[in-house]
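Overview (structure and organization)
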Amino acid sequence: MALRRIFAAVCSRTPRVAPLSTAAPKTREQPAAGRGAARGRGAAEAVRPPVPTVDFDNAQEAYRSRRSWELARSLLVLRLCASPTLLAHHEQLLHFTRRLLGQRLFDKLMKMTFYGQFVAGEDQESIQPLIRHNRAFGVGSILDYGVEEDLSQEEAERQEMESCTSAAERKDGGTSKREKQYQAHQAFGDRRDGVVSARTYFYANEAKCDGHMETFLRCIEASGGASDDGFSAIKLTALGRPQFLLQFSDVLTKWRRFFHQMAAEQGKAGLDAMDTKLEVAALQESVAKMGIASRKEIEDWFRAETLGVSGTLDLLDWNSLIDSRTKLSKHLVVPNMQTGQLEPLLSGFTEEEEQQMRRMLQRMDVLAKKATEVGVRLMVDAEQTYFQPAISRLTLEMQRKFNVEKPLILNTYQCYLRDAYDNVTLDLELARREGWCFGAKLVRGAYMAQERARAAEIGYEDPINPTYEATNAMYHRCLDYVLEELKNNAKAEVMVASHNEDTVRFTLRRMEELGLHPADRQVYFGQLLGMCDQISFPLGQAGFAVYKYVPYGPVMEVLPYLSRRALENNSIMKGARRERQLLWQELKRRLYTGNLFYRPA
């Protein structure tokens, strides 16, 4: 069975509204229903209160929701997280402390310090007081079951190599026809290495994936009960065998690269993705010379009925050609630039592997339907670049199906990637053409050190922006593009998931310039529990939609999560240092004014 079944399984789940349209003008056309057509805009807009000014320098207002002992705990924990010596040996120190104190006292110590700072409680019942408290101060919750499997490095590598290698590759002694970026490599089998801000799942069996799905379902249900405007997050590597994601990503990347090779032949290299358009006549000639199909078949692929009358073809049209419903599907070959030979784009799946692929898609469908049922938005987290093309494509198919009335499914865009802007603009344009609601979460990214090391060791182009400043510029460029869309499209939404105060200030400024009011609930902000309260709570108290990721779970089972939080605080020293300054400023103010025993109203 061929991997083309992927496209039958994925693409047949929902019909396209407008599958191909190269006649779209260069200017950014918007839906006919403008801002006044949704959420009661229009006449009501004239009587809206002015947008409150958000003051991130007012420590008293920032920590109005916190008691003094909580401020002292935050100050202590963040200070400890700033110690390189402590962080270098934190796992050994935790192990020693647990042996010294015993499990019961160790749990109490953790709840008074690190666990209490970054984790809400042990189960969904115990976290409800914190959720209600934060909501009273304008901050919502995104529930996240923080339990992780504590695998050894050897076991993680073994599971990764087994789950990322196909039966055909094992039969050939491990030889893979995939590009090396999309092959499993023993040295990078433990995907936790170098990652400080993202959970990692390893595939063991289908029963384990079913268990992960049940956990996500519980979080979705709890989020629906906690808020009328809730969010939940999922990871696709938790829902199935990663071999499928690797093979699918390899296919999508080769097909996209083939487009850019054709563009280079036509003298159009180096343009942004949405500005690159192939002349169909020249493309037909090139494809015919390669011997992929007869001229008659090639002419059928590029008819005016499917491509419009512009005589050009862009990357969105090109991607649609890979759909199994087109006559091109049986000719899916691309040139190997080293050998000059044509090679099949699709490789084989065994019957068992195809069943595993179907079950991953079914689990995604179950989660999306549950989110629809309880009114919760589902954010699909981004992962490593060798999985991400497949994850983004599968998320896009979910958006086509479920984002009909509102953006129920949000894709995540990692702005530390060189191609982040192309990815955002292509997906937004596709939503416009096909008439579904665009939803995005923008992050900087969680895998930089790992991605760089893997690219250098294996020998492919580093996918990461060269500098921190370049990543900031990319984030703001992508965000600005999406905010411009929100100005004219009331059904598009974005989650600005950032602890960077400059980025939040940039967002607020652009919202004001574009007339995006917080009451529209189009722009959301997200930070982690226990971090950057001086950003989250002023936003919430000013009426902006802001959420905390709220992890929960038993103390011992969330220790890997706590380790990452400690490391992440150390990696964003500038923000953590400012947070410590504000915490100390507020503690001193309360001490000097006799309000040390302040209790939030």
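To start, this report covers the structure provided alongside it.

About the criteria used
- Residues numbered from 1 in each chain as written.
- Predicted model: local features only at pLDDT ≥ 70, side-chain atom pairs only at ≥ 80, totals over all residues.
- Heavy atoms only, no water.
- Axes fitted to C-alpha atoms, helices over the stretch in contact; angles between N-to-C directions.
- Helix = DSSP H or I, 4+ residues; strand = E, 2+ residues; numbered from the N terminus.
- Parallel < 35°, antiparallel > 145°, perpendicular 65-115°, else oblique.
- Left-handed = near helix turned anticlockwise from the far one by under 90°.
- Contact = heavy atoms within 4.5 Å.
- Nonpolar A, V, L, I, M, F, W, Y, C, P; charged D, E, K, R; others polar.
- Expected span 1.5 Å × (residues − 1).
- Salt bridge = Lys/Arg side-chain N within 4 Å of Asp/Glu carboxyl O.
- Buried < 20%, exposed > 50% of the residue type's maximum accessible area, 1.4 Å probe, protein only.
- Patch = residues over 30% accessible without salt bridge, like charges linked within 9 Å, V, L, I, M, F, W, Y side chains within 5 Å.
- Areas by Shrake-Rupley, 256 points an atom, 1.4 Å probe, with all protein chains shown as cover.

Okay, the packing of helix α19 (residues 420-434) against helix α21 (residues 468-488) next. It is the contact of α19 with α21, at a shortest axis distance of 9 Å, that shows an interaxial angle of 15 degrees. Between α19 and α21, the angle is such that the two are roughly parallel. In this structure, the crossing between α19 and α21 has a hand that is right-handed. Note on element contacts: α21 touches α19 through Met474, Arg477, Cys478, Tyr481, Val482 and Glu485, opposite Ala420, Tyr421, Val424, Thr425, Leu428 and Arg432. Counted by class, the contact of α19 with α21 contains eight nonpolar, one polar and three charged residues.

Time to look at the environment of Gly543. Tracing the backbone shows Gly543 in the loop between α23 (533-541) and β12 (545-552). The spatial distance from the C-alpha of Gly543 to the C-alpha of Pro518 is 6.4 Å, given a sequence separation of 25 residues.

This next bit is on helix α5 (residues 90-101). The end-to-end C-alpha distance of α5, which contains 12 residues, comes to 16 Å, matching closely the 16 Å that a straight helix rising 1.5 Å per residue would cover. One or two positions beyond α5, positive phi appears at Gly102, with a value near 85 degrees.

Across all of its chains, the model carries 44 salt bridges by this definition. Linking Lys548 and Asp533 is a salt bridge whose minimum nitrogen-to-oxygen distance equals 2.9 Å. Of the two residues, Lys548 sits in strand β12 while Asp533 sits in helix α23, which places them 15 residues apart along the sequence. Each of the two residues, Lys548 as well as Asp533, counts as buried. A salt bridge links Glu586 to Arg590; the shortest N-O distance between them is 2.7 Å. Residue Glu586 and its partner Arg590 are located together in helix α25 (residues 573-592), separated by four residues, close to a single helical turn. The class for Arg590 is buried, based on a relative accessible area of 1%. When salt bridges that share partners are traced, they join Asp314, Asp317, Glu429, Arg432, Arg433 and Glu485 into one network.

Our next topic: a nonpolar patch on the surface. Judged by side-chain polarity, Phe96, Leu100, Leu101, Leu105 and Leu109 come together as a nonpolar surface patch covering roughly 470 Å² of accessible area. Elements with a contribution of two residues or more to the nonpolar patch: α5 and α6 (103-112). A total of three residues in the nonpolar patch trace back to one element, the largest contributor, which is α5. Look at Leu105 and you get partly exposed, because its relative accessible area is 48%.

Below, the discussion takes up the packing of helix α17 (residues 351-374) against helix α18 (residues 388-402). Here α17 crosses α18 at 40 degrees, and the two axes come no closer than 11 Å. If you check the angle between α17 and α18, you find them oblique. You can see that α17 and α18 cross each other, and the crossing is right-handed. Here Met360, Leu361, Met364, Asp365, Ala368, Lys369 and Thr372 of α17 come into contact with α18, specifically with Leu394, Met398, Lys401 and Phe402. Taken together, the residues of the contact of α17 with α18 sort by class into seven nonpolar, one polar and three charged.

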